[in-house]
Amino acid sequence: ASFWTQVPQGPPDAILGITEAFKKDSHPQKINLGVGAYRDDMGKPYVLPSVRTAEQKIVQENMDKEYAGITGVPDFTKAAAVLAYGKDSAPLKEGRIAITQTISGTGALRIGGAFLQRFYPNAKAIYIPTPSWANHKAVFLDSGLEVKQYKYYNKDTIGLDFDGMLADIKAMPKGSMVLLHACAHNPTGIDPTEEQWKAISDAMKEGGHFPFFDMAYQGFASGDTDKDAFALRYFLKEGHQPCLAQSFAKNMGLYGERVGAFSIVTSSPEEKAKVDSQIKILVRPLYSNPPVHGARIASKILNDPALNKQWLGEVKEMADRIITMRALLKENLEKLGSKRDWSHITSQIGMFAYTGLGKQEMERLAQECSVYATKDGRISVAGITSGNVERLAQSIFKIVG
Ligand code: PLP
């Protein structure tokens, strides 16, 4: 007998299920808006020219394939911290930010979760928004944390439930851990305004809560990496000592290279050294040290002034294409005479639009129109092109009017 007869069949991944259904569909103009990856206006995966150039430089340098240290490629992590916190950041200048390279954003969240599980001095529960990125709960549960939720989305306004969010933060036990999406909230595309961030920071301070920023879309939201770092940097100025998960999957298009970083702001270089030592103790038995290739690419782009400038232009181009597609979708829906208010399509930000369509409407969209996306009504704007936006609008109009 096999050792594994007692293993139960697990449910399929929601996104993979959509891709399967999409593949099986024979409609010549079928549309897949499930995937969370950028596509160009021809609907094709996009490798940034700055990434191609960085790769060529790396090949020409004939670098060896030795192991990186446990915390990765130092030129990469140094530059990643500057990108997030800003070059004038006080904790950075004072040498009190501990940082490690990670297996993209997911790995950063996981290392963060494991560190907090081991060392966070208060209750080991983390609050995530409702809804949140589908993987947050699993990552933190598997890190050994308890996962709780705070209000975020108001389905009546298809906007932020700001009052609910603030009330929930105020009702949390003192010293709670709170996960915040730094920009381009996934799945809703709804971010707090700068004024709202200020109130959130105050409430967090009042409660003595610990902010864990997940920044998977820096630059990708507005096209400006500084603007997208507003919340993180504001919290720093206000005296918070957050931790941060960074991903270079979206803003550099390095998805499969798995480039990310996890960092913690500490109160002194001495404390940083201790935290560093414990991060190493966590990473070593997990994967010893991270892969080097993607980090070398990101490092080249962040550290070479000309390449950096080129990259910032390319990030902006991606963000702008998405913003344009939002506008076109809204415009087409209005042209068709839709009675619904679609202003949330253009007020939301980042890769995803939360359409406000329900589960049944999304199912009909797939069955009747061959338009595929997650059942929560989230569509990947990155999958919209000037070639399919009209058909997409017609499909949505057909289902909801
Ligand atoms: N956090 C959020 C909110 C995300 O949307 C994603 C990816 O979709 C990630 C983290 C992690 O992605 P990756 O592990 O590919 O960097």
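Rules behind the numbers
Residues numbered from 1 in each chain as written. Predicted model: local features only at pLDDT ≥ 70, side-chain atom pairs only at ≥ 80, totals over all residues. Helix = DSSP H or I, 4+ residues; strand = E, 2+ residues; numbered from the N terminus. Rg over C-alpha atoms; globule rule 2.2 N^0.38 Å. Buried ≥ 20, exposed ≤ 12 C-beta atoms within 10 Å, placed from the backbone. Contact = placed C-beta atoms within 7 Å. Near = placed C-beta within 6 Å. Nonpolar A, V, L, I, M, F, W, Y, C, P; charged D, E, K, R; others polar. Axes fitted to C-alpha atoms, helices over the stretch in contact; angles between N-to-C directions. Parallel < 35°, antiparallel > 145°, perpendicular 65-115°, else oblique. pLDDT = per-residue confidence, 0-100. Core = buried A, V, L, I, M, F, W, Y, C linked by C-beta atoms within 7 Å. Pairing = 2+ DSSP bridges.

## Concerning the overall build of the protein chain
Across its full length, the protein chain carries 16 helices and 13 strands. Its C-alpha radius of gyration of 21 Å places the protein chain within 12% of the 21 Å reference for a compact globule of 401 residues. Looking at the protein chain as a whole, 48% of its 401 residues qualify as buried. Considering only contacts within the protein chain whose residues lie at least 6 apart along the sequence, 76% involve residues at least 24 apart.

## Remarks on unusual backbone geometry
Residues Thr-130 and Pro-131 are joined by a peptide bond in cis, for which omega reads 0°. Following Asn-186, the chain continues into Pro-187 via a peptide bond in cis, with omega recorded as 15°. Checked against the element boundaries, Pro-187 lands in the loop between strand S7 (177-181) and helix H8 (194-206). Here the phi dihedral of Asn-62 falls at roughly 55°; this positive angle occurs in a residue that is not glycine. Secondary-structure assignment places Asn-62 in the loop between helix H2 (49-60) and helix H3 (74-85). A residue is classified by how many C-beta atoms lie within 10 Å of it, and Asn-62, with 6 of them, is exposed.

## Side note on the site of the ligand
The ligand sits among Gly-36, Ser-104, Gly-105, Thr-106, Trp-133, His-181, Asn-186, Asp-214, Ala-216, Ser-247, Ala-249 and Gly-260. Residues belonging to the shell around the ligand are distributed by class as follows: three nonpolar, eight polar and one charged.

## Regarding the packing of H2 against helix H12 (residues 293-303)
At a closest axis distance of 9 Å, the pairing of H2 and H12 adopts a crossing angle of 110°. On the basis of their axis angle, the class for H2 and H12 is roughly perpendicular. The segment H2 lies against H12, with Ser-50, Val-51, Ala-54, Glu-55, Lys-57 and Ile-58 engaging Arg-296, Ile-297, Lys-300 and Ile-301. Residue composition of the contact of H2 with H12, grouped by class: five nonpolar, one polar and four charged.

## Side note on the environment of Asp-168
Relative to the elements of secondary structure, Asp-168 occurs in helix H7 (residues 162-171). Contacts of Asp-168, omitting those with residues within four sequence positions, involve Tyr-150 and Lys-151.

## Quick look at the confidence of the model for the protein chain
Fine structural detail should not be taken from predicted coordinates in areas where pLDDT scores are low. With 100% of its residues at a pLDDT of 70 or more, the protein chain shows a mean pLDDT of 96. At the level of chain-chain contacts, confidence expressed as ipTM amounts to 0.99, with global pTM at 0.96.

## With respect to the environment of Lys-23
As for its position among the elements, Lys-23 is in helix H1 (residues 14-24). Judged by local crowding, Lys-23 falls into the exposed class, with 11 C-beta atoms found within 10 Å. In this structure, the C-alpha to C-alpha distance between Lys-23 and Val-259, residues 236 residues apart in sequence, is 29 Å.

## As for the nonpolar core
Soluble globular proteins tend to pack their nonpolar side chains together in the buried interior. With 114 residues, the main nonpolar core has Leu-232 and Ala-298 as its most contacted residues. The greatest single-element share of this core, amounting to eight residues, is contributed by helix H13 (residues 305-335). With near-sequence residues (within four places) excluded, Ala-298 lies in contact with Phe-76, Phe-248, Met-252, Leu-254 and Val-259.

## A word on the sheet that holds strand S3 (residues 125-130)
Each strand in a sheet pairs with its neighbour through backbone hydrogen bonds, running either in the same direction (parallel) or in the opposite one (antiparallel). Reading across the sheet, the seven strands line up as S2-S10-S9-S8-S7-S3-S4 and stay open at both edges, with mixed pairing between neighbours. Edge positions in the open sheet fall to strand S2 (97-103) and strand S4 (146-151), since each of these has one partner strand only. For this sheet, the mean angle separating the axes of adjacent strands, direction not counted, is 25°. Note that S3 and S4 share six bridges and pair parallel. Opposite Thr-130, over in S4, you have Lys-151 as the bridge partner.

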